[in-house]
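Topology and contacts: notes
These are the residues of each chain, in order.
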Amino acid sequence: MMSELAQYAARSADSRGRFFEELASLDRDVYQRDRDRIIHSTALRRLKHKTQVFVYHEGDHYRTRLTHSLEVAQIARSIGRSLRLNEDLTEALALAHDLGHTPFGHAGEEALDMAMQPWGGFDHNAQTLRIVTRLERRYADFDGLNLSWETLEGLVKHNGPVIEEKGEPIGRYAETGIPAALSDFPQLDTLMLSSFASGEAQVAAIADDIAYNAHDIDDGLRAGVFDVIDLADIPIAGPALSEVLTSYPRIERGRMIHETVRRVISVMVADVVRETSRRLDRLAVSTPSDIRTAGEPVVAFSAQMLENNRVLQKFLFRRMYRHEKVVDIMERAKRVVRHLFDAYLADPSALPRAPGPERQVEDEHLRARNICDFVAGMTDRYAMDEHKRLFDLDPLFR
(Lines give C-alpha, C1' and ligand atoms only; values in the text may rest on other atoms or scores of the structure.)
Protein backbone atom coordinates (compact mmCIF):
# COMPACT_ATOMS: atom_id res chain seq x y z
CA MET A 1 0.00 0.00 0.00
CA MET A 2 2.81 2.41 0.86
CA SER A 3 4.13 2.44 -2.69
CA GLU A 4 0.66 3.25 -4.02
CA LEU A 5 0.07 6.26 -1.80
CA ALA A 6 0.25 9.74 -3.28
CA GLN A 7 2.93 12.10 -2.00
CA TYR A 8 0.25 14.15 -0.22
CA ALA A 9 -1.19 11.12 1.62
CA ALA A 10 -0.66 10.48 5.32
CA ARG A 11 1.92 7.81 6.06
CA SER A 12 1.92 5.90 9.30
CA ALA A 13 5.71 6.11 9.47
CA ASP A 14 5.41 9.91 9.58
CA SER A 15 2.69 10.00 12.24
CA ARG A 16 3.20 12.43 15.09
CA GLY A 17 2.33 9.55 17.37
CA ARG A 18 0.08 9.28 20.41
CA PHE A 19 -0.09 11.40 23.55
CA PHE A 20 0.54 8.29 25.66
CA GLU A 21 3.52 6.42 24.28
CA GLU A 22 2.93 2.77 23.41
CA LEU A 23 4.98 -0.01 21.92
CA ALA A 24 4.46 -0.36 18.18
CA SER A 25 2.41 -3.26 16.89
CA LEU A 26 4.27 -5.87 14.87
CA ASP A 27 1.46 -6.44 12.38
CA ARG A 28 -0.61 -3.23 12.29
CA ASP A 29 0.42 0.34 11.60
CA VAL A 30 -0.74 3.30 13.68
CA TYR A 31 -3.85 4.09 11.60
CA GLN A 32 -4.95 0.47 11.43
CA ARG A 33 -4.80 0.35 15.22
CA ASP A 34 -6.84 3.57 15.43
CA ARG A 35 -9.51 2.09 13.19
CA ASP A 36 -9.60 -1.16 15.16
CA ARG A 37 -9.88 0.63 18.50
CA ILE A 38 -12.80 2.66 17.18
CA ILE A 39 -14.55 -0.46 15.87
CA HIS A 40 -14.23 -2.15 19.27
CA SER A 41 -15.32 0.92 21.26
CA THR A 42 -18.45 1.02 23.38
CA ALA A 43 -19.43 4.34 21.81
CA LEU A 44 -19.54 2.84 18.31
CA ARG A 45 -21.76 -0.04 19.45
CA ARG A 46 -24.19 2.40 21.02
CA LEU A 47 -24.74 4.06 17.65
CA LYS A 48 -26.76 0.98 16.68
CA HIS A 49 -29.70 2.37 18.67
CA LYS A 50 -29.23 6.09 18.11
CA THR A 51 -31.51 7.96 15.74
CA GLN A 52 -30.46 9.19 12.33
CA VAL A 53 -33.84 10.67 11.33
CA PHE A 54 -36.41 8.07 12.33
CA VAL A 55 -36.48 6.76 15.91
CA TYR A 56 -35.67 3.05 16.13
CA HIS A 57 -39.18 1.88 17.04
CA GLU A 58 -40.59 3.29 13.80
CA GLY A 59 -39.04 0.49 11.75
CA ASP A 60 -36.05 -1.81 11.46
CA HIS A 61 -34.95 -0.71 7.99
CA TYR A 62 -34.29 3.00 8.55
CA ARG A 63 -30.74 4.22 9.09
CA THR A 64 -29.28 4.53 12.55
CA ARG A 65 -26.12 6.41 13.48
CA LEU A 66 -24.22 3.14 13.17
CA THR A 67 -25.43 2.23 9.68
CA HIS A 68 -24.85 5.83 8.64
CA SER A 69 -21.27 5.65 9.91
CA LEU A 70 -20.68 2.40 8.02
CA GLU A 71 -21.99 3.96 4.80
CA VAL A 72 -19.80 7.02 5.32
CA ALA A 73 -16.78 4.73 5.80
CA GLN A 74 -17.53 2.84 2.57
CA ILE A 75 -17.91 6.04 0.54
CA ALA A 76 -14.84 7.59 2.14
CA ARG A 77 -12.67 4.57 1.36
CA SER A 78 -13.82 4.65 -2.26
CA ILE A 79 -12.91 8.33 -2.63
CA GLY A 80 -9.67 7.87 -0.69
CA ARG A 81 -8.61 5.00 -2.93
CA SER A 82 -9.28 7.02 -6.08
CA LEU A 83 -7.19 9.90 -4.72
CA ARG A 84 -4.47 7.54 -3.42
CA LEU A 85 -4.90 8.72 0.17
CA ASN A 86 -4.40 6.58 3.25
CA GLU A 87 -7.51 4.40 3.41
CA ASP A 88 -6.99 3.24 7.00
CA LEU A 89 -6.84 6.79 8.37
CA THR A 90 -9.79 7.77 6.16
CA GLU A 91 -11.84 4.84 7.45
CA ALA A 92 -10.96 5.51 11.08
CA LEU A 93 -12.13 9.11 10.78
CA ALA A 94 -15.33 8.13 8.98
CA LEU A 95 -16.25 5.51 11.58
CA ALA A 96 -15.56 7.84 14.51
CA HIS A 97 -17.07 11.09 13.24
CA ASP A 98 -20.49 10.60 14.93
CA LEU A 99 -19.42 8.94 18.19
CA GLY A 100 -20.46 12.05 20.13
CA HIS A 101 -24.09 12.09 19.01
CA THR A 102 -26.85 12.07 21.58
CA PRO A 103 -29.95 9.86 21.52
CA PHE A 104 -32.59 11.08 19.06
CA GLY A 105 -30.14 12.68 16.63
CA HIS A 106 -29.99 16.43 16.20
CA ALA A 107 -33.13 16.92 18.31
CA GLY A 108 -31.39 15.34 21.28
CA GLU A 109 -28.31 17.46 20.64
CA GLU A 110 -30.37 20.64 20.55
CA ALA A 111 -32.07 19.78 23.84
CA LEU A 112 -28.80 18.89 25.57
CA ASP A 113 -27.12 22.03 24.26
CA MET A 114 -29.90 24.16 25.72
CA ALA A 115 -29.70 22.34 29.05
CA MET A 116 -25.91 22.84 29.18
CA GLN A 117 -25.87 26.55 28.29
CA PRO A 118 -24.84 27.62 31.82
CA TRP A 119 -21.87 25.22 31.62
CA GLY A 120 -20.48 25.67 28.10
CA GLY A 121 -23.17 24.05 25.95
CA PHE A 122 -23.00 20.79 24.03
CA ASP A 123 -21.64 19.99 20.58
CA HIS A 124 -21.54 16.46 19.20
CA ASN A 125 -18.24 16.99 17.33
CA ALA A 126 -16.61 18.21 20.52
CA GLN A 127 -18.16 15.32 22.43
CA THR A 128 -16.50 12.89 20.03
CA LEU A 129 -13.09 14.18 21.14
CA ARG A 130 -14.14 13.83 24.78
CA ILE A 131 -15.17 10.22 24.17
CA VAL A 132 -11.98 9.11 22.45
CA THR A 133 -9.66 10.93 24.87
CA ARG A 134 -11.45 10.50 28.19
CA LEU A 135 -14.78 8.68 28.40
CA GLU A 136 -13.88 5.32 26.87
CA ARG A 137 -12.36 3.44 29.80
CA ARG A 138 -11.00 0.19 28.42
CA TYR A 139 -7.22 0.31 28.68
CA ALA A 140 -5.10 -0.13 31.78
CA ASP A 141 -2.61 2.64 31.01
CA PHE A 142 -4.84 5.51 29.89
CA ASP A 143 -8.38 6.83 29.55
CA GLY A 144 -9.85 7.08 26.07
CA LEU A 145 -8.55 5.23 23.03
CA ASN A 146 -5.16 6.98 22.78
CA LEU A 147 -5.65 7.59 19.06
CA SER A 148 -2.93 9.07 16.86
CA TRP A 149 -2.43 12.81 16.47
CA GLU A 150 -3.71 12.65 12.88
CA THR A 151 -6.97 10.96 13.87
CA LEU A 152 -7.62 13.41 16.71
CA GLU A 153 -6.83 16.34 14.41
CA GLY A 154 -9.25 15.05 11.78
CA LEU A 155 -12.05 14.58 14.30
CA VAL A 156 -11.66 18.05 15.80
CA LYS A 157 -11.56 19.68 12.33
CA HIS A 158 -14.35 17.59 10.78
CA ASN A 159 -16.01 20.85 9.69
CA GLY A 160 -12.81 22.72 8.85
CA PRO A 161 -10.50 24.99 10.87
CA VAL A 162 -11.72 25.79 14.37
CA ILE A 163 -10.02 29.17 14.79
CA GLU A 164 -8.48 31.79 12.54
CA GLU A 165 -4.81 32.72 12.77
CA LYS A 166 -5.35 35.27 15.56
CA GLY A 167 -7.18 32.69 17.63
CA GLU A 168 -10.79 33.76 17.15
CA PRO A 169 -13.33 30.92 16.70
CA ILE A 170 -14.69 30.55 13.17
CA GLY A 171 -17.19 28.44 11.30
CA ARG A 172 -19.77 26.74 13.50
CA TYR A 173 -18.07 28.15 16.62
CA ALA A 174 -17.92 31.78 15.48
CA GLU A 175 -20.96 32.80 17.55
CA THR A 176 -20.90 30.28 20.39
CA GLY A 177 -17.16 30.07 21.04
CA ILE A 178 -15.09 26.92 21.49
CA PRO A 179 -17.20 24.24 23.23
CA ALA A 180 -16.09 23.22 26.70
CA ALA A 181 -15.68 19.62 25.53
CA LEU A 182 -12.91 20.87 23.23
CA SER A 183 -11.31 23.49 25.45
CA ASP A 184 -11.09 21.00 28.33
CA PHE A 185 -8.72 18.81 26.29
CA PRO A 186 -5.22 19.67 27.58
CA GLN A 187 -3.46 19.11 24.24
CA LEU A 188 -6.02 20.94 22.09
CA ASP A 189 -3.59 23.67 21.02
CA THR A 190 -1.22 21.09 19.54
CA LEU A 191 -3.82 20.07 16.91
CA MET A 192 -3.14 23.09 14.63
CA LEU A 193 -6.68 24.46 14.99
CA SER A 194 -6.26 27.25 12.44
CA SER A 195 -5.22 25.02 9.57
CA PHE A 196 -7.27 22.68 7.43
CA ALA A 197 -7.27 18.99 8.23
CA SER A 198 -5.56 16.26 6.26
CA GLY A 199 -6.84 15.08 2.90
CA GLU A 200 -8.08 11.94 4.63
CA ALA A 201 -10.15 13.97 7.11
CA GLN A 202 -11.57 16.11 4.32
CA VAL A 203 -12.62 12.97 2.46
CA ALA A 204 -14.38 11.62 5.57
CA ALA A 205 -16.25 14.91 5.95
CA ILE A 206 -17.47 15.09 2.35
CA ALA A 207 -18.40 11.38 2.42
CA ASP A 208 -20.62 12.29 5.39
CA ASP A 209 -22.48 14.80 3.19
CA ILE A 210 -22.86 12.30 0.36
CA ALA A 211 -24.16 9.56 2.64
CA TYR A 212 -26.63 11.95 4.27
CA ASN A 213 -28.17 12.92 0.94
CA ALA A 214 -28.35 9.40 -0.41
CA HIS A 215 -29.83 7.63 2.57
CA ASP A 216 -32.21 10.46 3.41
CA ILE A 217 -33.68 10.09 -0.09
CA ASP A 218 -33.94 6.34 0.53
CA ASP A 219 -35.44 6.61 4.03
CA GLY A 220 -37.75 9.47 3.03
CA LEU A 221 -39.23 7.50 0.15
CA ARG A 222 -39.65 4.36 2.23
CA ALA A 223 -41.26 6.36 5.06
CA GLY A 224 -43.67 8.05 2.64
CA VAL A 225 -42.80 11.60 3.70
CA PHE A 226 -42.42 12.36 -0.03
CA ASP A 227 -42.97 10.37 -3.22
CA VAL A 228 -40.88 9.49 -6.23
CA ILE A 229 -42.65 12.03 -8.43
CA ASP A 230 -41.51 14.79 -6.06
CA LEU A 231 -37.89 14.13 -7.04
CA ALA A 232 -38.43 14.69 -10.77
CA ASP A 233 -37.23 18.31 -10.79
CA ILE A 234 -34.66 18.02 -8.01
CA PRO A 235 -30.98 18.16 -9.07
CA ILE A 236 -28.93 14.99 -8.70
CA ALA A 237 -31.91 12.87 -7.63
CA GLY A 238 -34.17 13.76 -10.58
CA PRO A 239 -31.68 12.83 -13.32
CA ALA A 240 -30.78 9.63 -11.45
CA LEU A 241 -34.44 8.65 -11.22
CA SER A 242 -35.01 9.46 -14.89
CA GLU A 243 -32.10 7.26 -15.91
CA VAL A 244 -33.50 4.35 -13.89
CA LEU A 245 -37.01 4.67 -15.31
CA THR A 246 -35.68 4.96 -18.85
CA SER A 247 -33.54 1.85 -18.49
CA TYR A 248 -36.08 -0.15 -16.47
CA PRO A 249 -39.61 1.16 -17.22
CA ARG A 250 -41.33 -1.67 -15.33
CA ILE A 251 -39.02 -1.82 -12.33
CA GLU A 252 -40.61 -2.45 -8.94
CA ARG A 253 -40.57 0.36 -6.39
CA GLY A 254 -37.95 -1.05 -4.01
CA ARG A 255 -35.45 -1.69 -6.77
CA MET A 256 -36.20 1.70 -8.31
CA ILE A 257 -35.36 3.45 -5.04
CA HIS A 258 -32.11 1.55 -4.63
CA GLU A 259 -31.03 2.10 -8.25
CA THR A 260 -31.74 5.81 -7.88
CA VAL A 261 -29.81 6.14 -4.63
CA ARG A 262 -26.76 4.27 -5.91
CA ARG A 263 -26.62 6.61 -8.91
CA VAL A 264 -26.83 9.64 -6.63
CA ILE A 265 -23.84 8.34 -4.69
CA SER A 266 -21.86 7.52 -7.85
CA VAL A 267 -22.46 10.94 -9.40
CA MET A 268 -21.41 12.80 -6.26
CA VAL A 269 -18.34 10.62 -5.66
CA ALA A 270 -17.19 11.08 -9.27
CA ASP A 271 -17.61 14.85 -8.96
CA VAL A 272 -15.53 14.97 -5.76
CA VAL A 273 -12.72 12.97 -7.34
CA ARG A 274 -12.65 15.19 -10.46
CA GLU A 275 -12.82 18.46 -8.54
CA THR A 276 -10.25 17.38 -5.96
CA SER A 277 -7.87 16.27 -8.70
CA ARG A 278 -8.21 19.71 -10.30
CA ARG A 279 -7.49 21.43 -7.00
CA LEU A 280 -4.50 19.25 -6.29
CA ASP A 281 -3.04 20.33 -9.64
CA ARG A 282 -4.00 24.00 -9.30
CA LEU A 283 -2.57 24.28 -5.80
CA ALA A 284 0.53 22.24 -6.71
CA VAL A 285 -0.04 20.00 -3.69
CA SER A 286 2.82 17.59 -3.11
CA THR A 287 2.86 16.96 0.68
CA PRO A 288 0.33 16.49 3.50
CA SER A 289 1.42 19.89 4.81
CA ASP A 290 0.39 21.50 1.50
CA ILE A 291 -3.17 20.30 2.05
CA ARG A 292 -3.29 21.71 5.58
CA THR A 293 -1.95 25.12 4.52
CA ALA A 294 -3.80 25.45 1.20
CA GLY A 295 -6.10 28.17 2.56
CA GLU A 296 -9.15 26.39 1.16
CA PRO A 297 -10.57 22.87 1.15
CA VAL A 298 -8.73 20.62 -1.26
CA VAL A 299 -11.33 17.85 -1.21
CA ALA A 300 -14.52 19.45 -2.49
CA PHE A 301 -17.51 19.40 -4.82
CA SER A 302 -17.43 21.39 -8.05
CA ALA A 303 -19.33 24.68 -8.00
CA GLN A 304 -22.21 23.16 -9.97
CA MET A 305 -22.45 20.09 -7.73
CA LEU A 306 -22.29 22.32 -4.66
CA GLU A 307 -25.30 24.28 -5.94
CA ASN A 308 -27.15 21.09 -6.89
CA ASN A 309 -26.42 19.73 -3.45
CA ARG A 310 -27.79 22.90 -1.85
CA VAL A 311 -31.07 22.54 -3.73
CA LEU A 312 -31.35 18.86 -2.83
CA GLN A 313 -30.70 19.56 0.84
CA LYS A 314 -33.26 22.36 0.83
CA PHE A 315 -35.82 19.90 -0.59
CA LEU A 316 -34.97 17.30 2.05
CA PHE A 317 -35.18 19.88 4.83
CA ARG A 318 -38.60 21.06 3.71
CA ARG A 319 -40.15 17.72 2.82
CA MET A 320 -38.46 15.41 5.31
CA TYR A 321 -36.88 17.08 8.34
CA ARG A 322 -39.80 19.52 8.67
CA HIS A 323 -42.45 16.93 7.88
CA GLU A 324 -45.07 16.93 10.63
CA LYS A 325 -44.41 13.26 11.38
CA VAL A 326 -40.71 13.90 11.95
CA VAL A 327 -41.15 17.23 13.74
CA ASP A 328 -43.69 15.78 16.16
CA ILE A 329 -41.53 12.86 17.24
CA MET A 330 -38.43 15.06 17.54
CA GLU A 331 -40.23 17.57 19.77
CA ARG A 332 -41.16 14.69 22.05
CA ALA A 333 -37.56 13.48 21.96
CA LYS A 334 -36.30 16.89 23.07
CA ARG A 335 -38.57 16.73 26.11
CA VAL A 336 -37.27 13.28 27.05
CA VAL A 337 -33.63 14.46 26.95
CA ARG A 338 -34.37 17.65 28.89
CA HIS A 339 -36.44 15.82 31.50
CA LEU A 340 -33.62 13.33 32.10
CA PHE A 341 -30.93 16.00 32.39
CA ASP A 342 -32.99 18.14 34.78
CA ALA A 343 -33.90 15.14 36.94
CA TYR A 344 -30.30 14.00 37.34
CA LEU A 345 -29.07 17.53 38.01
CA ALA A 346 -31.69 18.08 40.71
CA ASP A 347 -31.02 14.70 42.30
CA PRO A 348 -27.73 13.00 41.29
CA SER A 349 -28.73 9.94 43.32
CA ALA A 350 -31.31 9.28 40.58
CA LEU A 351 -28.47 8.26 38.27
CA PRO A 352 -28.76 4.49 37.66
CA ARG A 353 -25.17 3.74 38.62
CA ALA A 354 -23.36 2.59 41.70
CA PRO A 355 -22.07 5.54 43.79
CA GLY A 356 -19.33 7.20 41.81
CA PRO A 357 -17.93 10.55 40.67
CA GLU A 358 -21.25 11.74 39.22
CA ARG A 359 -22.92 11.51 42.63
CA GLN A 360 -20.03 12.72 44.77
CA VAL A 361 -18.93 15.79 42.80
CA GLU A 362 -19.80 19.05 44.53
CA ASP A 363 -18.60 21.41 41.77
CA GLU A 364 -21.72 22.29 39.78
CA HIS A 365 -19.92 22.65 36.45
CA LEU A 366 -18.23 19.27 36.71
CA ARG A 367 -21.41 17.61 37.93
CA ALA A 368 -23.38 19.04 34.99
CA ARG A 369 -20.70 17.92 32.54
CA ASN A 370 -20.70 14.41 33.99
CA ILE A 371 -24.48 14.23 33.69
CA CYS A 372 -24.23 15.57 30.14
CA ASP A 373 -21.76 12.79 29.30
CA PHE A 374 -24.14 10.21 30.71
CA VAL A 375 -27.21 11.48 28.85
CA ALA A 376 -25.29 11.97 25.59
CA GLY A 377 -24.09 8.37 25.74
CA MET A 378 -27.59 6.95 25.99
CA THR A 379 -29.26 5.08 23.16
CA ASP A 380 -32.80 6.04 22.19
CA ARG A 381 -34.15 2.92 23.85
CA TYR A 382 -32.25 3.42 27.10
CA ALA A 383 -33.33 7.07 27.29
CA MET A 384 -36.99 6.08 26.95
CA ASP A 385 -36.59 3.34 29.56
CA GLU A 386 -34.96 5.80 31.95
CA HIS A 387 -37.71 8.34 31.39
CA LYS A 388 -40.32 5.73 32.24
CA ARG A 389 -38.38 4.65 35.35
CA LEU A 390 -38.00 8.18 36.70
CA PHE A 391 -41.42 9.57 35.89
CA ASP A 392 -43.56 6.42 35.78
CA LEU A 393 -44.94 7.74 32.52
CA ASP A 394 -44.96 6.54 28.98
CA PRO A 395 -41.89 8.24 27.48
CA LEU A 396 -44.07 10.25 25.07
CA PHE A 397 -43.61 7.97 22.09
CA ARG A 398 -46.85 6.00 21.85
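Anyway, here's the lowdown on the structure attached to this text. (Residues numbered from 1 in each chain as written. Predicted model: local features only at pLDDT ≥ 70, side-chain atom pairs only at ≥ 80, totals over all residues. Heavy atoms only, no water.)

Before going further, it helps to spend a moment on the overall build of the protein. When helices and strands are tallied, the protein shows 17 helices and zero strands. Over its C-alpha trace the protein gives a radius of gyration of 22 Å, about what one expects of a compact globule, namely 21 Å for 398 residues. In terms of overall dimensions, the protein has C-alpha extents of about 60 × 50 × 40 Å along its principal axes. Across the 398 residues in the protein, those meeting the buried criterion constitute 55%. When the accessible surface of the protein is summed, it comes to about 18400 Å², and 50% of that surface belongs to carbon and sulfur atoms. Charge-centre separation for the protein: the mean point of 52 positive side chains lies 3 Å from the mean point of 63 negative side chains. (Helix = DSSP H or I, 4+ residues; strand = E, 2+ residues; numbered from the N terminus. Rg over C-alpha atoms; globule rule 2.2 N^0.38 Å. Buried < 20%, exposed > 50% of the residue type's maximum accessible area, 1.4 Å probe, protein only. Areas by Shrake-Rupley, 256 points an atom, 1.4 Å probe, with all protein chains shown as cover. Lys, Arg positive; Asp, Glu negative; His and termini not counted. Charge placed at Lys NZ, Arg CZ, Asp CG, Glu CD.)

A few words on the pattern of salt bridges. Pairs can form between side chains of opposite charge whenever their charged atoms are close. As enumerated under the stated definition, the model contains 34 salt bridges in all. As a salt-bridge pair, Arg 279 and Glu 296 come within 3.6 Å of each other at their nearest N and O atoms. Of this pair, Arg 279 sits in helix α11 (residues 253-282) while Glu 296 sits in the loop between α12 (288-292) and α13 (303-321); the two residues are 17 residues apart in sequence, bridging distant segments of the chain. One network of salt bridges, with partners in common, ties together Arg 28, Arg 35, Asp 36, Arg 77, Arg 81, Glu 87, Asp 88 and Glu 91. (Salt bridge = Lys/Arg side-chain N within 4 Å of Asp/Glu carboxyl O.)

Now for empty space enclosed by the protein. Inspection of the entire model under this criterion finds one cavity of 30 Å³ or more. The calculated volume of the largest cavity comes to roughly 30 Å³. Forming the walls of the largest cavity are Arg 130, Thr 133, Arg 134, Ala 181, Asp 184 and Phe 185. Classifying every residue of the lining of the largest cavity by side-chain character gives two nonpolar, one polar and three charged. (1 Å grid on protein atoms, 1.4 Å probe; cavity = no way out; pocket = protein on both sides within 12 Å on 5 of 7 lines; lining within 4 Å. Points joined across faces, edges and corners; volume = space filled by probe spheres on them. Nonpolar A, V, L, I, M, F, W, Y, C, P; charged D, E, K, R; others polar.)

Ranked by size, the top nonpolar core spans 86 residues in total, and within it Ile 79 and Ile 217 carry the most contacts. Counting residues per element, this core draws most heavily on helix α9 (residues 199-223), at 11 residues. Residues within four places of Ile 79 in sequence aside, it is in contact with Val 203, Ile 206, Ile 210, Val 269, Val 272 and Val 273. By size, the runner-up hydrophobic cluster in this structure holds 24 residues, among which are Ala 333, Leu 340, Ile 371 and Ala 383. (Core = buried A, V, L, I, M, F, W, Y, C linked by side-chain atoms within 4.5 Å. Contact = heavy atoms within 4.5 Å.)

For Ser 198, the location among the structural elements is in the loop between α8 (180-183) and α9. Among all residues touching Ser 198, those that are not within four sequence positions of it are Leu 89, Glu 153, Ile 291 and Arg 292.

As a further point, take the packing of helix α6 (residues 124-135) against helix α7 (residues 149-156). α7 packs onto α6 with a crossing angle of 155° between their chain directions and a minimal axis gap of 9 Å. When the interaxial angle is binned, α6 and α7 end up roughly antiparallel. When you trace α6 past α7, the crossing you get is left-handed. In contact with Thr 128, Leu 129, Val 132 and Thr 133 of α6, α7 contributes Leu 152, Leu 155 and Val 156. Looking at the contact of α6 with α7 residue by residue, the class counts come to five nonpolar, two polar and no charged. (Axes fitted to C-alpha atoms, helices over the stretch in contact; angles between N-to-C directions. Parallel < 35°, antiparallel > 145°, perpendicular 65-115°, else oblique. Left-handed = near helix turned anticlockwise from the far one by under 90°.)

Attention now moves to the side chain of His 101. Relative to the helices and strands, His 101 is located in the loop between α4 (87-96) and α5 (105-115). Beyond its immediate chain neighbours, meaning those up to four positions away, His 101 contacts Lys 50, Arg 65, His 106, Glu 109, His 124 and Ala 376.

The geometry of two aromatic rings is summed up by the distance between their centres and the angle between their planes. Taken as a whole and judged by the stated rule, the model has eight aromatic pairs. Ring geometry for Phe 374 versus Tyr 382: centroids 6.4 Å apart, planes at 90°, classification edge-to-face. Judged by relative accessible area, Tyr 382 falls into the partly exposed class, the value being 32%. Each residue in the set Phe 20, Tyr 139 and Phe 142 is aromatic and connected to the rest through ring pairs, giving one cluster. When the ring centre of Trp 149 is taken as origin, the NZ or CZ atom of Arg 16, which lies over that ring, is 4.2 Å away. A cation sits over an aromatic face here: Arg 37 above Tyr 139, 5.0 Å from the ring centre. (Phe/Tyr/Trp six-rings, centres within 6.5 Å; stacked < 30°, edge-to-face > 60°. Lys NZ or Arg CZ within 6 Å of the ring centre and 35° of its normal.)

Take the side chain of Asp 123 next. With respect to the element layout, Asp 123 can be found in the loop between α5 and α6. The buried category is assigned to Asp 123, whose relative accessible area is 8%. In this structure the side chain of Asp 123 is engaged in a polar contact, spanning 3.1 Å, whose partner is the backbone nitrogen of Asn 125. Within the structure, the side chain of Asp 123 is placed 2.9 Å from the side chain of Arg 172, a separation counted as a polar contact. (Polar contact = N/O pair within 3.5 Å; in protein donor to acceptor, adjacent residues only side chain to side chain.)

A positive phi angle is found at Arg 84, which is not glycine, with a value near 60°. Its place among the elements puts Arg 84 in the loop between α3 (65-82) and α4. Unusually for a residue other than glycine, Ile 236 sits at a positive phi of about 70°. Relative to the helices and strands, Ile 236 resides in the loop between α9 and α10 (237-247). Judged by relative accessible area, which is 9%, Ile 236 ranks as buried.

This brings us to the environment of Asp 143. Locating Asp 143 in the fold gives a position in the loop between α6 and α7. Here Asp 143 falls in the partly exposed class, since its relative accessible area comes to 40%. Between the alpha carbons of Asp 143 and Phe 122 there is a distance of 21 Å; along the sequence they are 21 residues apart.

For α5, the set of buried residues is Gly 105, Ala 107, Gly 108, Glu 109, Ala 111, Leu 112 and Ala 115. If you follow the buried residues of α5, they end up packed against α3, α6, α14 (324-346) and α16 (364-376).

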